[in-house]
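If you want the building blocks of each chain, they are given just below.
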Amino acid sequence: MLDALRHGDLDYLEHVSEAAEADLFRHLLRRQVIQRLAETYPSPRKKEEVPVWIYLSSELSLSSTVPRAITPPRLLRSGG
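Summarised in this report is the structure supplied together with it. Throughout, a residue's number is its position along its own chain's written sequence, starting from 1. For this predicted model, a pLDDT threshold of at least 70 governs which residues receive local features, and a threshold of 80 or more governs which side-chain atom pairs are given and counted, while totals over whole chains, interfaces and linings are taken from all residues. To get the side-chain values, take all heavy atoms of the structure and skip hydrogens and water.

## Digging into the pattern of salt bridges
Working step 1: Salt bridge criterion: a side-chain nitrogen from Lys or Arg within 4 Å of a carboxyl oxygen from Asp or Glu. A full pass over the atoms with the stated rule returns three salt bridges.
Working step 2: Taking the shortest distance from any N to any O, the salt bridge between arginine 6 and aspartate 3 comes out at 3.5 Å. Linking arginine 6 with aspartate 3, this pair stays in helix H1 (residues 2-6), spanning three residues, or about one helical turn.
Working step 3: When its relative accessible area of 63% is taken as the criterion, arginine 6 is described as exposed.
Working step 4: For the salt bridge of lysine 47 with glutamate 49, the shortest nitrogen-to-oxygen distance reads 3.7 Å. A run of H or I in DSSP counts as a helix once it spans at least four residues, and a run of E counts as a strand once it spans at least two, with each numbered from the N terminus. To sort residues, take the accessible area from a 1.4 Å probe on protein chains only and compare it with the maximum for the residue type: under 20% means buried, over 50% means exposed, and anything in between is partly exposed.

## Observations concerning unusual backbone geometry
Working step 1: One non-glycine residue, glutamine 32, lies in the positive phi region at around 60°.
Working step 2: In this fold, glutamine 32 is placed in the loop between helix H2 (16-30) and helix H3 (33-40).
Working step 3: Residue glutamine 32 is classed as partly exposed on the basis of its relative accessible area, which comes to 46%.

## Quick notes on a nonpolar patch on the surface
Working step 1: What goes into a patch is any residue over 30% in relative accessible area without a salt bridge, connected to like charges within 9 Å or, for nonpolar side chains (Val, Leu, Ile, Met, Phe, Trp, Tyr), within 5 Å. Exposure was quantified through the Shrake-Rupley algorithm and a 1.4 Å probe, taking into account, for residues, occlusion by the shown protein chains and nothing else. On the surface, Met1, Leu2, Leu5 and Leu10 cluster together into a nonpolar patch covering about 410 Å² of accessible area.
Working step 2: Here methionine 1 lies in the segment before H1.

Now the structure itself:
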């Protein structure tokens, strides 16, 4: 694999944890778990410019990769 990478023979390479995370979210979205959670999630906002399910997905994503003690609330992850 390393030789193929060095020679530019790979079209796509994904880190295993990102692939596992993508599989998890496909499963959660297909079963509408995140949508159902978003419907009951308490929000002080009167106007939602960013849907609640995006915040929930971001928090789920972060909690699977970053220890909770250092994860600031409402931090949006920009990957995966």
